[in-house]
Amino acid sequence: MPVEVKPRFVVLYGSQKGQAQSIAEGIAEEAEQHGLVADLSCLNETTKYNLEKENDPVVFIVSTTGDGEPPDNALQFVKRIKRKALSTDHYKHLCYALLALGDTNYANFCNCGKTIERRLQDLGAKQFYATGYADDGVGLEVVVDPWLEGLWNAIRGALSKMASDRTAHLKVNTEDSAEETPDSSTPDVQISLLSITDHQNCESVGAAVETDSKFACAASSVASVVSDLRPASPAGSIGLASQCHGTASIPTSAPKTQAGDVGVPHVVLAASLTCSLPPLSESSLNVPALPPPYLDVSLQEADTIEQIVGPLNKETLHEVPVSKAVQLTRGDSVKTAILLELDISAYPMMTYQPGDSFDVFCPNRAAEVDNMLSRLGLQDQRNHLVNISLRKDTKKKGAQVPSYISQNISLLFLLTWCLEIRGIPKKAFLRALVEHTGDSVQRRRLQELCSKQGAADYNLYVRDPSLSILELLTAFPSCSPPLSLLIEHLPKLQPRPYSAASSCLTHSGKLHFAFNVVEFPACTGRPMGRRGLCTGWLFDLINPSPVFPGKAESSNSPALPKIHVSLRPNCSFRPPSDPSVPFMMVGPGTGVAPFIGFLQQRAEERQKNPEGVFGETWLFFGCRHRDRDYLFREELEGFVSSGTLSHLKVCFSRDDREDEESAAAQPRYVQHNLLLNSQHVTDILLRQNGYLYVCGDAKNMAKDVNETLLEMIKTELQVDQLEAMKRLAGLREEKRYLQDIWG
Ligand code: FAD
């Protein structure tokens, strides 16, 4: 009898914020519906997989972080496969597919995925499915969804080919060694592999036809929800829903509502978070598979629960007082920028270098936690102990109790310090929420928002305005998810990094940083604007009395607010080690912060070594208005007077220009000033072995600066775009073109 073996493949992920992990988990979960078995591991779980001996297809899902770095949990893997000692046929047995996640707003788009792919190919591995490069800048799903759709056939094809290669190989071996005693179990397994692969191919064709026929049927009569290649869920047959909540609508006889729904049918005048327009409102939907629940959560009354104040893992954090707060912008500035000084003198081990950044640990807002508790109907249990365990019957592959949630914490602590309750609900979360939504119209809208057909609405109403789960629950009042679902789907509350804006040589025992108070405007689903979580919290912490330039410091106040911080490792965003090398800094807005540290350090070095040779320093700064948001103006002008800063190039994007002619000649943004100084910039970079640092907004500025540099190199060296790109990539590799960007 042949042994019934389900064809197997391997899924490996490297993930920084959980996106790659959740896609990998989705693949592993869906595998069963395709008659396959997936072995899921994180790339750092080296005892769980062995690529050196892997004979089944391997699917990599990897993200990229920072300046093109691998995620933390893929670092060792990338290091391992980059070893020069590996031979060119090291992975010749390996068949792989790769999905790379990245963001074109940042340098080195999908660099980790590209690096892994390049190495796999160098080492002889064969690709069985074209690599996907998904861009978070425009929405990962644009690439991820079709890539996932094609993956299953590709895996089956790869399995089939690998099995037949093995059969052929074995046949040759058997013929070659006809006299040897055959291994009695081998032929059965081969036959089984082949037959099951073929069987799966048939099944998949069947499933696809079924899906199509559901579409056809839906198009000709009522709309229905079609779950991707899986049986319809309990909520899977909701019909048309053109009603909306809280938005103007008028009755019509045209759209039908599901039988039994209360209320009159409506026609929607404008689409919003809670209602859609045709064709979406009349469309069949492909919704993601329902994520299997995997946590059991219970609340337990506890008399003596320890009241923890502040984040956990205090051993690795430092609680430091805010010794000074200065508003750097004028009251009428569009953005509010604040400088905070932390007193780190109690922690001598907290030494930092210019260019370093550190993490600030902030809690969720008390009002939002309260709101969430009442939304969950758990206000009275806020001080109960939260018990979390894995569901015994869970179908989720690789399910684990989140490591960042420790034992013995209260519900209040969980919602305050552990979960990002501001997190933008992902599509899988929306899909799961459908099951806990009573009203059929709201259910249908949630299905639309997580469906393939509703991708544009998801971007418009959820992703782009950064809608939080709380805001979503407010807009969908009949949705009552259990606490376990929130824990399963909400990401870890992450600390926020900030760049040091000081040198400890100038400010001994102190650490400065500068930030803009992030503002989220009101939008559909958010009646009132709100501030960024950390910047809003810091702003409230120092209010009502931030110290304005020229006024007395608040350090005399008796109760200085304290915050938890920890230093982040950094080894490249540092001033050149050789002081004679020239360097240029591009830092508009709060992007100037690390360069204040660079320049303070340079001033100290010059003072200590007046005879020393110091290279030229350039700073390109930009803001809206000279008199409203020119951050660190006095200090920067002081650096120029003392000769610490050789060239300060400042531009103002919104100041009135006197006449059209002079306006045209005036630089508006930092890249325009770079261009005006093209000769110097290219000379420093290409001939003097100098450095260029860029810090600040990732979305526009860093990209524009990059484009400008390319243009400058093209003109200066008389080369084409490709060659210019190579030169810039070379500068990056030499760590002479460095970015520290965010946003
Ligand atoms: P959240 O509630 O987390 O909302 C952030 C969201 O707001 C983002 O998803 C984005 O869509 C949007 N957003 C709008 N404007 C900004 C903006 N200016 N920055 C980030 N997100 C924005 N910020 C500084 O102001 N000064 C610094 O010196 C600084 N250094 C950083 C260094 C590193 C290495 C990194 C990765 C980030 C740095 N940031 C810095 C960004 C900072 O960590 C936070 O992301 C930012 O302050 C917003 O945090 P929040 O909790 O208030 O906003």
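Keep in mind that this is a model prediction, so the values were computed, not measured.

What counts as what
Here the residue numbers are simple positions, counted from 1 along each chain's written sequence. Where local features are concerned, this predicted model is filtered to residues with pLDDT of at least 70; where side-chain atom pairs are given and counted, the filter is 80 or more; whole-chain, interface and lining totals use all residues. Where side-chain values are given, they derive from all heavy atoms of the structure, hydrogens and water being excluded. The secondary structure listing takes helices from DSSP runs of H or I that are at least 4 residues long and strands from runs of E that are at least 2 residues long, numbered from the N terminus. We call two residues in contact when some of their heavy atoms are within 4.5 Å. Grouping buried Ala, Val, Leu, Ile, Met, Phe, Trp, Tyr and Cys residues that are joined through side-chain atoms within 4.5 Å yields what is termed a nonpolar core. Three exposure classes are used, based on accessible area relative to the maximum for each residue type with a 1.4 Å probe and protein chains only: buried under 20%, partly exposed in between, and exposed over 50%. Here a residue is near a molecule or strand as soon as one of its heavy atoms is found within 4 Å of it. Whenever a nitrogen or oxygen atom comes within 3.5 Å of another N or O atom, the pair is scored as a polar contact, on the condition that within protein one atom can donate a hydrogen and the other can accept it, and that pairs from neighbouring residues in sequence are kept only if both atoms are in side chains. The accessible surface values rely on the Shrake-Rupley method and a 1.4 Å probe; as for residues, cover is taken only from the protein chains in view. Note that Gly is not counted as nonpolar here; it falls among the polar residues with everything else outside the nonpolar set of Ala, Val, Leu, Ile, Met, Phe, Trp, Tyr, Cys and Pro and the charged set of Asp, Glu, Lys and Arg. Angular values range over 0 to 180 degrees, each being the angle between N-to-C directions of two axes fitted as lines to C-alpha atoms, with helices fitted over their stretch in contact. For classification purposes, an angle smaller than 35 degrees is called roughly parallel, one larger than 145 roughly antiparallel, one from 65 to 115 roughly perpendicular, and anything else oblique. Crossing handedness is defined as follows: a turn of the near helix away from the far one that is anticlockwise and smaller than a right angle gives a left-handed crossing, while the clockwise case is right-handed. A score between 0 and 100, pLDDT records how confident the predictor is in each residue. A strand pair is defined by DSSP finding two or more bridges across the two strands. What counts as a ring pair is set by centres within 6.5 Å for rings of Phe, Tyr and Trp (its six-membered ring), and what kind of pair is set by the plane angle: stacked under 30 degrees, edge-to-face over 60, tilted for all other angles. Here, over-ring charges are defined by two tests on the NZ atom of lysine or the CZ atom of arginine: distance to the ring centre within 6 Å, and angle to the ring normal within 35 degrees. Between Lys or Arg on one side and Asp or Glu on the other, a salt bridge is scored when a side-chain nitrogen of the former is within 4 Å of a carboxyl oxygen of the latter. It is the directions from the helix axis to the C-beta atoms whose arc is reported. A crossover counts as right-handed when, viewed with the strands pointing away from the observer, the path leading from the first strand over the helix to the second turns clockwise.

Draft legend 1. Broad picture of the environment of Pro71. Relative to the elements of secondary structure, Pro71 occurs in the loop between β3 (58-63) and α2 (75-81). Considering only alpha carbons, one finds Pro71 and Gly14, 57 residues apart in sequence, at a separation of 6.0 Å. Ignoring any residue separated from it by four or fewer positions in sequence, one finds Pro71 in contact with Gly14, Ser15, Gln16, Ser63, Thr65 and Cys112.

Draft legend 2. Fine view of the nonpolar core. Ranked by internal contacts, the top residues of the largest apolar core, which has 48 residues, are Leu273, Met372, Leu414, Leu433 and Leu472. In terms of residue count, the dominant contributor to this core is helix α7 (residues 411-418) (six residues). Counting 32 residues, the second largest nonpolar core, distinct from the first, contains Leu40, Val59, Leu101 and Val144.

Draft legend 3. Quick look at the environment of Val322. For Val322, the position within the fold is in strand β11 (residues 318-327). Each C-alpha atom of the pair Val322 and Pro561 lies 5.7 Å from the other, and the pair is 239 residues apart in sequence. If we ignore the near neighbours within four places in the chain, the residues touching Val322 are Leu340, Glu341, Leu342, Ile542, Leu560, Pro561 and Ile563.

Draft legend 4. Layout of the site of the ligand. Of all residues adjacent to the ligand, which total 18 residues, the nearest are Arg496, Pro497, Tyr498, Cys534 and Thr535. Separating an oxygen atom of the ligand from a backbone N or O atom of Ser499 is a distance of 3.2 Å. The contact in question runs from an oxygen atom of the ligand to an N or O atom on the backbone of Asn516, over 3.4 Å. Within the complex, 74% of the 890 Å² of free accessible area of the ligand lies under protein. Elements represented by at least two residues in the shell around the ligand include exactly β15 (496-499), β16 (510-516), α13 (533-542) and β24 (737-742). For the shell around the ligand, the element with the most residues is β15, which contributes four residues. Looking at the shell around the ligand, its residues break down into nine nonpolar, six polar and three charged.

Draft legend 5. Spatial organisation of the packing of helix α6 (residues 366-376) against α7. For the pair α6 and α7, the least separation of the axes is 10 Å and the interaxial angle reads 130°. It follows that α6 is oblique to α7 by the angle criterion. The two elements α6 and α7 meet at a crossing, and its hand is right-handed. Here Val369, Met372 and Leu373 of α6 lie close against α7, whose contacting residues are Leu411, Leu412, Leu415 and Thr416. Taken together, the residues of the contact of α6 with α7 break down into six nonpolar, one polar and no charged.

Draft legend 6. How the structure looks around the packing of helix α8 (residues 427-434) against helix α9 (residues 440-450). The N-to-C vectors of α8 and α9 enclose an angle of 160°; their axes lie 8 Å apart at closest approach. In this view, α8 runs roughly antiparallel relative to α9, as classed from their interaxial angle. The interaxial crossing formed by α8 with α9 has left-handed handedness. Within the contact between the two elements, α8 uses Lys427, Leu430, Arg431, Leu433 and Val434 and α9 uses Arg443, Leu446, Gln447, Leu449 and Cys450. In terms of residue class, the contact of α8 with α9 is built from six nonpolar, one polar and three charged.

Draft legend 7. Representation of the confidence of the model for the chain. Averaged over every residue, the pLDDT of the chain is 83; the share at 70 or more is 81%. Mean pLDDT across the elements of the chain ranges from a minimum in helix α5 (residues 186-220), with 27, to a maximum in strand β20 (residues 583-586), with 98. Taken as a whole, residues 177-266 scores under 50 in pLDDT and shows 141 contacts with residues more than four places along the chain or in a different chain. Between residues 548-555, whose pLDDT stays under 50, and residues either more than four places distant or in other chains, the model counts 15 contacts.

Draft legend 8. A look at the sheet that holds strand β23 (residues 691-697). Taken in spatial order, the five strands line up as β22-β21-β20-β23-β24 in an open sheet, and their pairing is parallel. The open sheet has two free edges, formed respectively by β22 (647-652) and β24, since each of these has just one partner strand. On average, adjacent strands in this sheet sit at an angle of 10° to one another, irrespective of strand direction. Of the pairings in the sheet, the one linking β20 to strand β21 (residues 617-623) comprises four bridges and is parallel in character. Counted as the bridge partner of Val586 is Phe620 from β21.

Draft legend 9. Highlighting the side chain of Ser63. Within the secondary structure, Ser63 is located in strand β3. Non-local contacts of Ser63, meaning those with residues more than four positions away in its chain, are made with Gly14, Ser15, Gln16, Ala20, Pro71, Leu101 and Cys112.

Draft legend 10. Inspection of the sheet that holds β15 at higher detail. Ordered by their spatial adjacency, six strands build an open sheet running β15-β13-β19-β11-β12-β16, and the pairing between neighbours is antiparallel. Looking at the sheet topology across the chains shown, the edges are occupied by β15 and β16. Across the sheet, the mean angle separating the axes of adjacent strands is 40° when strand polarity is ignored. Here β11 pairs with strand β12 (residues 337-343) via five bridges, running antiparallel. Paired with Lys324 across the bridge in β12 is Glu341.

Draft legend 11. Just the packing of aromatic side chains, in detail. A complete count under the given rule lists 18 aromatic pairs for this structure. Measuring from centroid to centroid gives 6.1 Å for Phe573 and Phe595, while their planes differ by 35°, and the two rings are tilted. In this pair, Phe573 is assigned in the loop between β19 (562-567) and β20 and Phe595 in helix α14 (residues 593-608), connecting sequence segments 22 residues apart. Neither Phe573 nor Phe595 differs from the other in exposure class; each is buried. With a centroid separation of 5.5 Å and an interplanar angle of 20°, the aromatic rings of Phe621 and Tyr630 are classed as stacked. In this structure, Phe621 and Tyr630 share a single accessibility class: buried. Each member of the aromatic cluster is reached from another via a ring pair, and the members are Phe573, Phe583, Phe595, Phe598, Tyr691 and Tyr693. The aromatic ring of Phe520 is capped on one face by Arg530, whose charged end is 4.7 Å from the ring centroid.

Draft legend 12. Looking closely at unusual backbone geometry. The step from Pro278 to Pro279 runs through a cis peptide bond, and the omega angle for that step is 5°. Within the secondary structure, Pro279 sits in the loop between β8 (266-268) and β9 (285-287). Here Phe632, not a glycine, exhibits a phi torsion of approximately 55°, which is positive. Positive phi values are uncommon outside glycine, yet Gln718 reaches one of about 55°. Within the fold, Gln718 resides in the loop between α19 (701-717) and α20 (721-733).

Draft legend 13. Geometry of the pattern of salt bridges. Summed over the entire model, instances satisfying the criterion amount to 35 salt bridges. Note that Asp540 and Arg365 form a salt bridge whose closest N and O atoms lie 2.5 Å from each other. With Asp540 in helix α13 and Arg365 in the loop between β13 (357-361) and α6, this pair connects stretches of sequence that are 175 residues apart. Using a relative accessible area of 34% as the deciding quantity, one classes Asp540 as partly exposed.

Draft legend 14. Expanded view of helix α18 (residues 678-687). Inspection of α18 places Ser678, Val681, Thr682, Ile684 and Leu685 among the buried residues, and these make up the whole buried set. The buried residues of α18 occupy an angular sector of 160° when projected down its axis, which confines them to one face. Packed against the buried residues of α18 are β20, β21, α17 (670-676), β23, α19 and α20. After α18 finishes, the residue Asn689 shows a positive phi value of roughly 55°.

Draft legend 15. Representation of the pairing of β21. Counting buried residues in β21 gives seven out of seven residues, a clear majority hidden from the surface. Judged by which residues are buried, β21 turns out to be covered on both faces: Thr617, Leu619, Phe621 and Cys623 on one side and Trp618, Phe620 and Gly622 on the other are all buried. At this point the chain moves from β20, through α14, to the parallel β21, and the crossover so formed is right-handed. Pairing of β21 with β22, which is carried by six bridges, proceeds in the parallel orientation. For Phe620, the partnering residue across the bridge sits in β22 and is Lys649. You can see the chain leave β21, run along helix α15 (residues 633-642) and come back into β22, and the turn it takes is right-handed.

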